[in-house]
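One-letter residues, chain by chain:
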Amino acid sequence: MTTKRWKQRPPGSTWGDWGEDDELGRINLVTKEKVLQGVREVEHGIAFSLSLPLDYPGGSAMNQRRYPPILRPTEDLQHNQDVFYNIKASEHFSPDLIDVWSDDVVTLWLQYSTQWDALAHQGAEFDADSDGVAEAVYYNGYRAGTDLVGPQEDAKGDGSGSLGFARHLGLEHMAEHGVQGRGVLIDIAHHLGTGYQAVNYRQLREIMDADNVTVEPGDIVLLHTGFATQILAWNKNPDPVAIHQTAAYLDAHDPEILQWITDSQLAGLVADNYAVEGVGVGNETGPHSLLPIHHLCLFKLGVPLGELWYLDKLAAWLREHNRSRFLLTAPPLNLPGTQGSPLTPVATV
């Protein structure tokens, strides 16, 4: 198989399976039929918001590079900065006007809270050219520096001042798709509690069997660990140690977990924890990925990862009604060129 960007693809990857220019990955499996399957799960008309408030977890203890959103007023008509808030039209425009206006702007770290990871978020050094030299590439062979540009002046090329821009693999493609289909929840917290622990495939399989959970191709899988519930309990003042040692995560060093992600043909993998897998866990030597599930999903399979989703109330309702499936609507922001995006997913039952 040959495409313009690569001569060989990573073993076990889906590169090229949906065309040489594909930027959706396994979201391609969320077909019209998957939407209908999701709709058929709606019996009660109850909707659950699966987003944390976007100013949680609070502070930057979870990730030093990510900060809470900053709100400020926009400029006024004379270009005075940060002032257009509680503006009385009678004072600024005409004494006959009764309007009062406020307008604001946000500086938003896109992966601070409830989020999707784009396929542009993590690539790898891989010999896609089959010439014995590894290149920095992303899903389907898109190239660092060419397809994902930055940091550099006017990376977007439109004079907007952007210093980084994913010309390919940005989340606008998922946004345009709509990301609506069937969600399936696996309730790890109910069975294992919220202690900090790696969950291997045997444990995951036992939980799925106990709750009669079945994952079919094109489903989006949600893992409830209880982490986001604890985030809310900290009330934007998280314990800087406990935030890295709370709740379960998938054991990325269990090859059966990786094989299950591959074989199940799940279209998206979501958790209410920080990274789906453990960060900095493992003792490999030689060339390897710090985050094997990110590497498998984002780089090889084209599976977007959802992190820090709020699943507590949905999980409780599903358990009470002996269910695990629902209609999931979860498009990211239609903001071109991004590596991640906040969102407000909705589960309807």
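Just so we're clear, the structure is a prediction, and the values are computed from it rather than from any experiment. (Residues numbered from 1 in each chain as written. Predicted model: local features only at pLDDT ≥ 70, side-chain atom pairs only at ≥ 80, totals over all residues. Heavy atoms only, no water.)

S.K.: What is the right way to look at the overall build of the chain in this model?
M.R.: What the chain contains, in helices and strands, is nine helices and 19 strands. In summary, the chain has a C-alpha radius of gyration of 22 Å against a globular reference of 20 Å for 349 residues, a match within 12%. Principal-axis analysis of the C-alpha atoms gives the chain an extent of 70 × 55 × 45 Å. Burial analysis of the chain (349 residues in total) assigns 49% to the buried set. When contacts within the chain are restricted to residue pairs at least 6 apart in sequence, long-range pairs at least 24 apart make up 73% of them. Here the chain has roughly 16300 Å² of accessible surface; of this, 50% comes from carbon and sulfur atoms. Positive and negative charge centroids in the chain, built from 24 and 46 side chains respectively, lie 5 Å apart. (Helix = DSSP H or I, 4+ residues; strand = E, 2+ residues; numbered from the N terminus. Rg over C-alpha atoms; globule rule 2.2 N^0.38 Å. Buried < 20%, exposed > 50% of the residue type's maximum accessible area, 1.4 Å probe, protein only. Contact = heavy atoms within 4.5 Å. Areas by Shrake-Rupley, 256 points an atom, 1.4 Å probe, with all protein chains shown as cover. Lys, Arg positive; Asp, Glu negative; His and termini not counted. Charge placed at Lys NZ, Arg CZ, Asp CG, Glu CD.)

S.K.: Looking at this structure, how should I read the nonpolar core?
M.R.: Counting residues in each nonpolar core, the largest one holds 71 residues, and the members touching the most others are Trp116, Ile186, Trp260, Ile261, Leu269, Ile293 and Trp309. Among the elements that take part in this core, helix α8 (residues 292–301) stands out by supplying six residues, more than any other. Among all residues touching leucine 269, those that are not within four sequence positions of it are Val221, Leu223, Leu250, Ile261, Val276, Ile293, Cys297, Val303, Pro304, Leu305 and Gly306. Counting 13 residues, the second largest nonpolar core, distinct from the first, contains Leu52, Ala228, Ile231 and Leu308. (Core = buried A, V, L, I, M, F, W, Y, C linked by side-chain atoms within 4.5 Å.)

S.K.: Quick question: what am I supposed to make of the pairing of strand β13 (residues 220–224) here?
M.R.: A regular strand places its side chains on the two faces of the sheet in alternate fashion. Summarising burial for β13: five of the five residues are buried, a large majority. Examined bridge by bridge, strand β11 (residues 180–187) and β13 share five bridges and lie parallel to one another. The residue of β13 that forms the bridge with isoleucine 186 is leucine 223. For β13 and strand β15 (residues 268–271), the ladder comprises four bridges, and the chain directions are parallel. The partner of leucine 223 across the bridge, within β15, is alanine 271. (Pairing = 2+ DSSP bridges.)

Keep in mind these numbers describe shape, not what the thing actually does.
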